[in-house]
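Report on the structure
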Amino acid sequence: MTHRVAIVGAGPSGFYAADGLLRTNPDLHIDVIDRLPTPFGLVRAGVAPDHQGTKAVVRQFDRLLAQPDLRFAGNIEVGRDLSWDELGEAYDAVIVATGMVIDKKLGVPGEDLPHVWGSWRFVGWLNGHPDYRKGPDLSRVERVAIIGNGNVALDVARVLAKSADEMAKSDIVPEVGAAIASAPIKDIYIVGRRGPENASFTNNELAEMGRLMRAVTVADAKGLDAAPLATGPTPEKLRKTKNLQILKDFAANKPGSKPVTLHFLFNAAPVAFAPGEVQLTTGKLKADLVITCIGYFGEAFPRREDFFAVGWAKRGPTGTIPTNRGESHAVAKQVIEWLETRDPKSGPDILPAAVDAAGWHRIDKHEIALGSSVGRPRVKLTDWQALLDVAQGS
Ligand code: NAP
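Residues numbered from 1 in each chain as written. Predicted model: local features only at pLDDT ≥ 70, side-chain atom pairs only at ≥ 80, totals over all residues. Heavy atoms only, no water.

A closer look at the sheet that holds strand 1 (residues 4–8)
- The strand order 3-2-1-4-16 describes an open sheet built from five strands, whose pairing is parallel. Of all strands in the sheet, those bounded by a partner on one side alone are strand 3 (70–73) and strand 16 (307–309). With strand direction ignored, the average angle separating the axes of adjacent strands in the sheet is 20 degrees.
- Summarising the sheet, strand 2 (residues 29–33) and strand 3 pair through four bridges and their orientation is parallel. (Pairing = 2+ DSSP bridges. Helix = DSSP H or I, 4+ residues; strand = E, 2+ residues; numbered from the N terminus. Axes fitted to C-alpha atoms, helices over the stretch in contact; angles between N-to-C directions.)

Put into structure tokens, the structure is as follows:
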């Protein structure tokens, strides 16, 4: 008899956990369950569509899908198709890799107005997530306010600021790409509630904002001089110091010198939204569209001794994809130690009919073929039924 482990969530933290388990015990049976018919979680639905290099990580996850004792079970929703308790009863251990999939709220008046979007919904829309097929009408959007000073804010600003040519090799949903390219966007504001020294941007992602073809990036030099310089050799201080230098370079740019101006505003917290504007602690800012990029919540799952969380479900919505590798491997080690003290459970296979790895590969092949006909890496299927039909080979 062999132990059976369920991993709920087929994103990077789930796959790194599977990798960690199989490196130590190649005989384990592992089921990787996901509510979507497609694997790879945030790599598919969250990583910006123009960052194809980052998405290349899926090649190593795809190799895991080819392992004989690892089964992908897509289109299975825990809570709908089977319960957490049923999983706990049937499997020797359950790894919870469900991420965080709910936009955090600011809790200020006007947040529910139709021009205010959370980044989860917005990024899901442009990345083709089948749950988020309706996006904002961009046809009259001239000014966009993006709330938050993390890499998600940069992703959103960059994708809105880039030209159609710059997005040509991306896997953005084509209709969304066309809507962005034809929108009359002139100004994009990235708004931080604290000073530039507290922004959580990473250096490469921030520097990239200075290399956009249709957008010039500007920042207020006064605010940057006032920011205390982070000194010292720790990676965190070096990151901050480099960020301040990049922002100072942006301060030398001339607003309006390209069709789109991308402004960094600091020390400005949102206090309310009204149609066409954001009220900040520093005054009113006109904005036809607001996207809040302020973090996420996860869905609840039971805390039991045989349930082990990984990734954002464990530590919250921070860290890049590689952060998960070491952390998920460490949790996999704990799971192995746990299993060593227990006999394998016996019992029937409880998984309902699912999209398996072969079904996912049919979707993958289909999307890549659609993409190659238009010179893109892929064109995603965005409709649930279309995904299921292609997975079934119909
Ligand atoms: P983040 O880095 O934590 O940034 C969240 C931002 O929201 C912070 O600036 C935070 O400000 C602000 N915020 C939170 N609550 C707020 C409020 N009530 N009012 C105003 N501002 C508020 O998170 P993220 O951008 O969502 O990214 C999540 C993780 O994914 C990060 O680790 C990020 O590096 C990673 N990621 C990486 C990439 C990449 O490598 N290319 C791309 C996307 C995401 P305070 O600092 O003041 O709290």
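Section: the nonpolar core
- In this structure, Leu 160, Ile 188 and Phe 264 are the most contacted members of the largest nonpolar core, which totals 45 residues.
- If we skip the residues at most four places from it in the chain, Phe 264 touches Leu 154, Ile 190, Phe 201, Leu 206, Met 209, Thr 217, Val 218, Ala 219, Asp 220, Leu 247 and Phe 250.
- Counting 43 residues, the second largest nonpolar core, distinct from the first, contains Ile 7, Phe 40, Val 43 and Val 57. (Core = buried A, V, L, I, M, F, W, Y, C linked by side-chain atoms within 4.5 Å. Buried < 20%, exposed > 50% of the residue type's maximum accessible area, 1.4 Å probe, protein only. Contact = heavy atoms within 4.5 Å.)

Re the packing of helix 1 (residues 12–24) against helix 13 (residues 323–340)
- One can describe the packing of helix 1 onto helix 13 by two numbers: an axis separation of 8 Å at closest approach and a directional angle of 50 degrees. As the angle between them shows, helix 1 and helix 13 are arranged oblique. For the crossing formed where helix 1 meets helix 13, the hand is right-handed. For the pair formed by helix 1 and helix 13, the contact residues are Pro 12, Ser 13, Tyr 16, Ala 17, Asp 19, Gly 20, Leu 21, Arg 23 and Thr 24 on the first element and Asn 324, Arg 325, Ser 328, His 329, Ala 332, Val 335 and Ile 336 on the second.
- In terms of residue class, the contact of helix 1 with helix 13 is built from seven nonpolar, six polar and three charged. (Parallel < 35°, antiparallel > 145°, perpendicular 65-115°, else oblique. Left-handed = near helix turned anticlockwise from the far one by under 90°. Nonpolar A, V, L, I, M, F, W, Y, C, P; charged D, E, K, R; others polar.)

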